[in-house]
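# Residue-level structural notes
For reference, the chains in residue letters:
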Amino acid sequence: MSQSVIINDVGPRDGLQNQQKILRPDQRVRLIEALLGAGLGHIEVGAFVSPKAVPAMAGAAAVLAGLPTGDSSVFTVLVPNFKGYELARDAGAKSVSTVLYGTDAMAQANVRMSRAAAEQATAEIIASARQDGIRVTATIAVAFECPFDGPVDPSLPQEVIARFLELGADEVAIADTIGAANPKQVRSLTEVLVSEYGSGQLACHFHDTRAMGLANVFAAVESGIRKFDAAIGGLGGCPFAPGASGNVATEDVVMMLEQMGFDTGISLADLMQASALAQELTGTAPGGRAAAWLEKTQSSK
Ligand code: COA
Ligand code: ZN
């Protein structure tokens, strides 16, 4: 099994979408540049969603236009529907993330569509993206538990993943949107998925609501998952999923994986600078659990 793990920092999207303070596109670009400077090669930089629904994501085209050119990093934008896909494509996006759902109630709350309609939208986006040369990650939101409908049967994400890989998604991510999953559940689902599909097209996305984010990353990495979403400073949360708190912090995930001997290609010292910037810009980044330790050790070097 590979000792390399890819971290996709979703701070500039998942992290900022729920903030009281709305950052301008140029401030979001500064944060993305700080992440690039720390060695992050995969970053979710924004969302092409209704600015009425999520004001903090307005100006995603300006964010894309402000990114450094000639960088080989994978910059992804979230698209909730086909209109979002068209806007992203026209703004020059090369990688999009679509959203599938574990339950109808979450699909309704997030995009006012049924689960089936959201799946249809992703199928249409994949078909167009293949023509347009755009990479697609399909993310299954509330893959373990929904704030409205409760636990999700593990057969559901398994079936959805099979179908969307078959339809041509480049990658499928399993998201614990509200941070309700435990490591035992994560291990049993990811073991089945990795044995069925290998790890190359799978990713996991955990929130730290119940302090199990890092334990869930550990469970998934033990099953062979080698790509994780995380957010700088532990920012994050879905405005439409009651009780959702921050994503597992990039600092925590990188420190744990590096200490375990995995290679993330990320510099912890530079990551702490990006974390400080996230704090400065938002005023609310909790900083993850490792921050105090990292600040102490990095400053003594
Ligand atoms: N980007 C920007 N604007 C969009 C859009 C998109 N992807 N999709 C629709 N719109 C616009 C429409 O053009 C319309 O504009 P108008 O009022 O100027 O005519 C307006 O939004 C409403 O369109 P409608 O199709 O009726 O959508 P809706 O009001 O049912 O809202 C979504 C549906 C999907 C647009 C909205 O719920 C949304 O953006 N949700 C995203 C939620 C999110 O980001 N969650 C967190 C990440 S998972
Ligand atoms: Zn999330």
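In this report, we go over the structure that sits alongside the text. (Residues numbered from 1 in each chain as written. Chains lettered and ligands numbered in written order. Predicted model: local features only at pLDDT ≥ 70, side-chain atom pairs only at ≥ 80, totals over all residues. Heavy atoms only, no water.)

### As for the sheet that holds strand E2 (residues 42-47)
In sheet architecture, strand pairing relies on hydrogen bonds along the backbone and comes in two forms, parallel and antiparallel. Keep this limit in mind: Pairing between two strands requires that DSSP report at least two bridges joining them. Working definition: helices are DSSP H or I runs of at least four residues, strands are E runs of at least two. Numbering for both runs from the N terminus. Between N-to-C directions, angles span 0 to 180 degrees; the directions come from axes that are lines fitted to C-alpha atoms, helices contributing only their stretch in contact. In what follows, residue pairs with any heavy atoms lying within 4.5 Å of each other are defined as contacts.
Read around the barrel, eight strands follow the order E1-E2-E3-E4-E5-E8-E9-E10 and close on themselves; strand pairing throughout is parallel. This sheet shows a mean twist of 30 degrees between the axes of neighbouring strands, independent of strand direction. Helix H8 (residues 183-197) rests against strand E8 (171-176) and strand E9 (202-206) of the sheet, and its axis sits at about 165 degrees to E9.

### Some words on the packing of aromatic side chains
In this description, a pair of aromatic rings is defined by centroid distance and the angle of the planes. To keep it simple, the criterion reads: Any Phe, Tyr or Trp ring, taking Trp's six-membered ring, that has another such ring centre within 6.5 Å forms a pair; planes under 30 degrees apart are called stacked, those over 60 apart edge-to-face, and the others tilted. With a 1.4 Å probe rolled over the protein chains alone, any residue whose accessible area is under 20% of its type maximum counts as buried; one over 50% counts as exposed, and the rest are partly exposed.
Using the criterion set out here, one finds one aromatic pair in the structure. Ring geometry for Phe-82 against Tyr-85: centres 5.6 Å apart, planes inclined by 45 degrees, an arrangement best described as tilted. Taken together, the positions of Phe-82 and Tyr-85, both in helix H4 (residues 82-90) and three residues apart, correspond to about one turn of that helix. Looking at Tyr-85, the relative accessible area reads 0%, which means it is buried.

### Section: the nonpolar core
In summary, soluble globular proteins display a tendency toward joint burial of nonpolar side chains. This is how it is decided: Residues belong to one nonpolar core when they are buried, are Ala, Val, Leu, Ile, Met, Phe, Trp, Tyr or Cys, and are joined through side-chain atoms within 4.5 Å.
Within the largest apolar cluster, 99 residues are counted, with the highest numbers of intra-cluster contacts made by Ile-7, Val-45, Val-96, Phe-206, Phe-228 and Leu-271. At seven residues, the largest contribution of residues to this core is made by helix H11 (residues 268-282). Leave out the neighbours within four places in its chain, and Phe-206 touches Phe-144, Asp-176, Val-186, Gly-213, Asn-216, Val-217, Ala-220, Phe-228, Asn-247 and Val-248.

### Thoughts on the coordination of the zinc ion (ligand 2)
Condition: The rule for donors is simple: an N, O or S atom within 2.8 Å of the metal counts, and for Na, K and Ca the reach is 3.2 Å. Water is not among the atoms, so a site may look short of donors.
Distances from the zinc ion (ligand 2) to its protein donors, Asp-14 (OD), His-205 (NE2) and His-207 (NE2), fall within 2.0 to 2.1 Å. When the donor residues of the zinc ion (ligand 2) are listed from N- to C-terminus, their spacing reads D-x190-H-x1-H. Of the two residues, Asp-14 sits in helix H1 (residues 11-15) while His-205 sits in strand E9, which places them 191 residues apart along the sequence.

### Quick notes on the environment of Val-99
Relative to the elements of secondary structure, Val-99 occurs in strand E4 (residues 95-101). What makes Val-99 buried here is its relative accessible area of 11%. When neighbours within four sequence positions are excluded, Val-99 is seen to be in contact with Leu-78, Val-79, Ala-118, Thr-122, Thr-139 and Ala-141.

### Quick notes on the site of ligand 1
Which entries qualify depends on this criterion: If a single non-hydrogen atom of a residue is within 4 Å of a molecule or strand, that residue counts as near it. The definition of a polar contact used here is a pair of N or O atoms within 3.5 Å, where within protein one atom must be able to donate a hydrogen and the other to accept one, and adjacent residues in sequence count solely through side-chain atom pairs. What sets the accessible areas is the Shrake-Rupley method with a 1.4 Å probe; for residues, cover comes only from the shown protein chains. The residue classification treats Ala, Val, Leu, Ile, Met, Phe, Trp, Tyr, Cys and Pro as nonpolar and Asp, Glu, Lys and Arg as charged. All others, Gly included, are polar.
The local shell around ligand 1 holds 17 residues, among which Phe-48, Ser-50, Asn-81, Lys-83 and Asn-110 are the closest. Take Asn-110: an N or O atom from its side chain is 2.7 Å from a nitrogen atom of ligand 1. Here ligand 1 loses 66% of its free accessible area of 920 Å² to cover by the protein chains. Sorting the residues of the shell around ligand 1 by element identifies H4 and helix H5 (104-111) as the ones contributing at least two each. Sort the elements by how many residues they give to the shell around ligand 1 and H4 lands first, with three residues. Split into classes, the residues belonging to the shell around ligand 1 amount to eight nonpolar, five polar and four charged.

### Comments concerning unusual backbone geometry
In this structure, Arg-112 takes a positive phi of about 55 degrees despite not being glycine. Among the secondary structure elements, Arg-112 is positioned in the loop between H5 and helix H6 (115-132). Take Arg-112: its relative accessible area is 76%, and that puts it in the exposed class. For Val-142, which is not a glycine, the phi torsion comes out positive at approximately 40 degrees. Position of Val-142 among the secondary structure elements: in the loop between strand E5 (135-141) and strand E6 (145-146).

### Overview of the pattern of salt bridges
To keep things clear, this is the line we draw: One speaks of a salt bridge when a side-chain nitrogen belonging to Lys or Arg is within 4 Å of a carboxyl oxygen belonging to Asp or Glu.
Overall, the coordinates contain 13 salt bridges when judged by the stated rule. For Glu-171, the salt bridge is made with Arg-135, and the minimal N-O distance between the two is 3.2 Å. Highlighted residues: Glu-171 in strand E8 and Arg-135 in strand E5, separated in sequence by 36 residues. Here Glu-145 ties to Arg-210 by a salt bridge, and the two come within 3.8 Å at their closest N and O atoms.

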